[in-house]
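# A closer look at the structure
Take a look at the letters that make up each chain.
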Amino acid sequence: MDKREHWFNEGAPLFRRALEQLGLADRLPTTEDRYYACPCCLIAYPFEAIESQVLTIEHVPPDALGGKGMLLTCKRCNNDAGRHFDAHAIKRAEVHNLLLGRQTNRPVRAVFLADGISVRGEVQSSGAGWFMQGVPRRNDPAMLDAHERALREASERGEAPQFNFELAERFSPQHADVSWIRSAYLAAFSALGWRYILRPALDPIRELLKSDSLPELPLVIGFNPTADSGSRSVMIVREPENLSSVHVAIGQYSVFLPDPWGIMSLQELAESISGMRNEEGGVSAMLSGQLASWPKKPMYLLDRAIP
Ligand SMILES: [Zn+2]
């Protein structure tokens, strides 16, 4: 059976049970286990959405950031996130890779200056060195000629030309952060299931994902430059109590999401984290709780725990 069909059939009865428990089952058109909601927009789709490719496999984190197919989301949410958020996260990751001397997967836009004459181009990193290239279609041919002449004349004079470059890749750090928060939310859903994400405490996360304006971000995301980019974890944090949460770490990014019991709201978590900042703006905390294994498919741990 197709993986998507399998995931649909496994998740549909658990979705119905979670709705029943919340007193919301009458919102489904029939009493059969034939509906599965996209965890981002919470629109419930019938099985036909598998055949018509409306429910598709989503990678967490995005494919271009090393993710693997983990769960079903609707095509519209998947495409919207790619355009509004993931594109920014991917550009930011490439700029980081370049600056850290790691290999880049795609070119990063840059401006090259020779004796003050600028040319638009691209930089890539092999991990061992940088490779720079002007991009003719982004430049006035006269400027390209003048730039080359400046470099040539300097070397003819036996001088090192005045050459430098600036990275010109444009991304929005807020939108890049939303991409990571979204990945964390999807991983938490895959690990814990419907009973977790249907809590009203998770509404602010879904609101964030809808937004195509510049979102106002609660301070629930952190960056740890020394973390291994392949590390992954989902933890239900019990202590410290003012960080009661679901903590998701994906490589260098870590995100605190509301806990499954309704102790801390997203806003309260953000305030706790803010209050723990040291002079450099960093936060370090010893977290303890229950570690769930990183989901390779939807696991629904909380849905399955209750008969
Ligand atoms: Zn959706």
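Relevant structure appears above.
Residues numbered from 1 in each chain as written. Predicted model: local features only at pLDDT ≥ 70, side-chain atom pairs only at ≥ 80, totals over all residues.

## Here's the deal with the sheet that holds strand 6 (residues 117-125)
We count it as follows: When DSSP locates at least two bridges between a pair of strands, those strands are taken to pair. Under the scheme used here, helices are H or I runs from DSSP no shorter than 4 residues and strands are E runs no shorter than 2 residues, and both carry numbers assigned from the N terminus. Fitted lines through C-alpha atoms serve as axes, helices being fitted only where they are in contact, and the angles separating the N-to-C directions of these axes extend from 0 to 180 degrees. By definition, residues are in contact whenever their C-beta atoms, placed on the basis of the backbone, come within 7 Å of each other.
Pairing in this open sheet of four strands is antiparallel, and the strands run 7-6-5-8 from one edge to the other. Two strands bound the open sheet, and with one partner strand each, they are strand 7 (130-134) and strand 8 (163-167). Taken pair by pair, the neighbouring strands of this sheet meet at an average axis angle of 35°, ignoring direction. Of the pairings in the sheet, the one linking strand 5 (residues 108-114) to strand 8 comprises five bridges and is antiparallel in character. By the bridge assignment, phenylalanine 112 is partnered in strand 8 with phenylalanine 165. Its contacts with the sheet put helix 4 (residues 141-156) on strand 5, strand 6, strand 7 and strand 8, and the angle it makes with strand 6 is roughly 80°.

## So, the environment of leucine 167
Heads up, the condition is: Neighbour density around each residue's C-beta defines its exposure: 20 or more other C-beta atoms within 10 Å make it buried, 12 or fewer make it exposed, and counts between make it partly exposed, where C-beta atoms are placed from the backbone.
Topologically, leucine 167 is positioned in strand 8. With 14 C-beta atoms packed within 10 Å, leucine 167 lands in the partly exposed category. Between the C-alpha atom of leucine 167 and that of glycine 121, which follows or precedes it by 46 residues, the distance is 9.5 Å. Apart from residues no more than four positions distant in its own chain, leucine 167 is found in contact with Val95, Val108 and Ala110.

## What about the pairing of strand 12 (residues 253-258)?
Burial analysis of strand 12 places six of its six residues in the buried class, the great majority of the element. As judged from the three bridges shared by strand 9 (residues 221-223) and strand 12, these two strands associate in the antiparallel manner. From the neighbouring strand, phenylalanine 223 faces strand 12, where its bridge partner is tyrosine 253. Bridge analysis of strand 11 (residues 245-250) against strand 12 gives six bridges, and the strand direction is antiparallel. Bridge pairing links alanine 249 to serine 254 in strand 12. Between strand 11 and strand 12, which pair antiparallel and follow one another directly, the connecting turn spans two residues, one of which, glycine 251, has a positive phi of 60°.

## Thoughts on the packing of helix 5 (residues 173-192) against helix 7 (residues 203-210)
Counted only if it meets this: With respect to orientation, any angle under 35 degrees is reported as roughly parallel, any angle over 145 as roughly antiparallel, any angle of 65 to 115 as roughly perpendicular, and every other angle as oblique. Should the near helix be turned anticlockwise from the far one by less than a right angle, the crossing is left-handed, and should it be turned clockwise, the crossing is right-handed.
Their axes nearest at 10 Å, the elements helix 5 and helix 7 cross at an angle of 135°. The orientation of helix 5 relative to helix 7 falls into the category oblique. Helix 7 is crossed by helix 5, and the crossing has left-handed handedness. Where helix 5 abuts helix 7, its residues Val178, Ile181, Arg182 and Tyr185 lie against Ile205, Leu208 and Leu209.

## Focus on unusual backbone geometry
Here the bond from valine 60 into proline 61 is cis, since omega is -15°, no more than 30 degrees from zero. Cis geometry marks the peptide bond from glutamate 239 to proline 240, where omega comes out at -5°. Counting through the fold element by element, proline 240 comes out in the loop between strand 10 (232-239) and strand 11. We note that aspartate 115 has phi near 45°; this positive angle belongs to a residue other than glycine. With respect to the helices, strands and loops of the structure, aspartate 115 is situated in the loop between strand 5 and strand 6. Among the residues examined, aspartate 115 registers 14 C-beta atoms within 10 Å and is labelled partly exposed.

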